[in-house]
2 protein chains.
Amino acid sequence: MSQSFTEENYLKHIYKLSKRSEKGVSTNALAERLETKASSVTDMIKKLAAKKLVDYKKYQGVTLTKKGQKIAVDIIRKHRLWEVFLLEHLGFGGEEVHDVAEELEHINSETLIDRLDKFLGHPKYDPHGGPIPNSEGVFPEPKRVKLDELEVGRKTKVMGITEHSDAFLTHLKKLGLELGAEFDLKERFDFDRSVEIELNDKTIQLSHDVAKNIFVSYNS
Amino acid sequence: MSQSFTEENYLKHIYKLSKRSEKGVSTNALAERLETKASSVTDMIKKLAAKKLVDYKKYQGVTLTKKGQKIAVDIIRKHRLWEVFLLEHLGFGGEEVHDVAEELEHINSETLIDRLDKFLGHPKYDPHGGPIPNSEGVFPEPKRVKLDELEVGRKTKVMGITEHSDAFLTHLKKLGLELGAEFDLKERFDFDRSVEIELNDKTIQLSHDVAKNIFVSYNS
DNA sequence: ATACATTTTTAGACTTGTCTAAATTTCATT
DNA sequence: AATGAAATTTAGACAAGTCTAAAAATGTAT
Ligand SMILES: [Mn+2]
Ligand SMILES: [Mn+2]
Ligand SMILES: [Mn+2]
Ligand SMILES: [Mn+2]
């Protein structure tokens, strides 16, 4: 059975919304995410339920079935692989990438995505730090975390950022915290959750606002 | 104004069909190409006419307006650029490529296609010998021709084929006429339009059936 | 010029995804 | 437990694209 773009987008957003709470995803939350009306969401949910892609009881929200989940994860895989391609090979900037990937993720060809994956060298994370599931739908082990939450004492590397304002980018540049920069996390101050890192033999203080927007990776 | 996938496919096929005759494209021809019914074609043509993308008089067939033509040529550009990418960078085989390109051609992002074009090195022809228009919609000078029609005496190179049966492919392989093979056209026999070529110091006869399915290129 | 076949258009219906407005259910407060 | 607010579903409508069956136009062959 094959899905329309619309159905795929619904499934993907149900998946993403359901990550942040045990209960089913609410009609309104979904409507807001998809920039559509609650009544439209109800209609679509019924269609997805008829196809056994979601479980649905009136007024109780939706959850994905195994089948629906596999499709959702597959869309995420495609989205992130395309983003890697656009950024690393076509020279796109961080922000331009998402909208195009939003369309490319719906191109349906297993061959295509497998070969793209190979071409890209089987990346495990996209440039925003998002983990890329393999073709079985399995996500890589989470060896990656926001600097915000990293264990003190770790050697780490800047893998991505979650804030893309010019202000933030130039700030990072000034500090020397560019993509790929390596440093040690020396200390975290409970008072304001600011951190102290050592980068190229310099000691630097970072506010919580900065730390929470930097993705870092660590080994093992 | 933005077009749906469907509208874009109609425009593209009107363009291709109108290349082979002066008159407008007939409803039935279009229906057959698009694997749909004549009545559906009539409906869509009226929609396109309302958008000023085609000129249409009842029972007289359609032709593209300047606007419609630009859109059609743009789709062809995208289709062929994607085919180059799939073949040269993802390792697709000649036949697998088309169906995927049929979907990719509808991804709408000028940035994307300009960067893809650059990434590919601004190719002028796709691997089937199809010329790739530039972003203004201008096709490259036709320096490429079927062996069928090549001027006797030319040095040429195999650039593509227009027949993809196993039988034909193995035949070519046996003759040494693979993609990129270089040879001279020595003679053409009017009797049956067969040709004589010289390839790697060997003289080979090719029937018209073979010659008409080989694209060759020549300089200046 | 007439008759028949082919092509094209129209009429009416269906599916997908959306919307507004109204009805229903659930939830929070008293 | 009652009530009002918020969330959700239903009812009915619409646009896009398609289809079948029937009507109209065009082309062809005597
Ligand atoms: Mn994205
Ligand atoms: Mn999408
Ligand atoms: Mn093609
Ligand atoms: Mn297409």
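Conventions used here
Residues numbered from 1 in each chain as written. Chains lettered and ligands numbered in written order. Predicted model: local features only at pLDDT ≥ 70, side-chain atom pairs only at ≥ 80, totals over all residues. Heavy atoms only, no water. Domains from an automatic or database assignment. Near = heavy atom within 4 Å. Polar contact = N/O pair within 3.5 Å; in protein donor to acceptor, adjacent residues only side chain to side chain. Helix = DSSP H or I, 4+ residues; strand = E, 2+ residues; numbered from the N terminus. Nonpolar A, V, L, I, M, F, W, Y, C, P; charged D, E, K, R; others polar. Buried < 20%, exposed > 50% of the residue type's maximum accessible area, 1.4 Å probe, protein only. Contact = heavy atoms within 4.5 Å.

By domain assignment, chain A separates into domain 1 (5-64), domain 2 (78-140) and domain 3 (143-218). Centre-to-centre separation of domain 1 of chain A and domain 3 of chain A, based on C-alpha positions: 36 Å.

Attention shifts here to the protein's contact with DNA strand D. The environment of DNA strand D is formed by 21 residues, the closest being K46, Y56 and K58 of chain A together with S4 and T36 of chain B. A share of 72% is what sugar and phosphate atoms reach among the atoms of DNA strand D within 4 Å of the protein. Between DNA strand D and S40 of chain B there is a distance of 2.8 Å, counted from a phosphate oxygen to a side-chain nitrogen or oxygen. Contributions of two or more residues to the surface near DNA strand D are made by α2 (27-33) and α3 (38-50) of chain A together with α1 (5-18) and α3 (38-50) of chain B. Sort the elements by how many residues they give to the surface near DNA strand D and α3 of chain B lands first, with 5 residues. The residue inventory of the surface near DNA strand D, partitioned by class, reads 6 nonpolar, 10 polar and 5 charged.

Now for the side chain of R80 of chain A. Residue and element names in this part refer to chain A. Residue position: R80 is located in helix α4 (residues 66-88). Judged by relative accessible area, R80 falls into the buried class, the value being 15%. A distance of 2.6 Å separates the side chain of R80 from the backbone oxygen of P131, its partner in a polar contact. Each residue touching R80, except ones within four places of it in the same chain, is listed here: K16, D126, G130, P131, I132 and F139.

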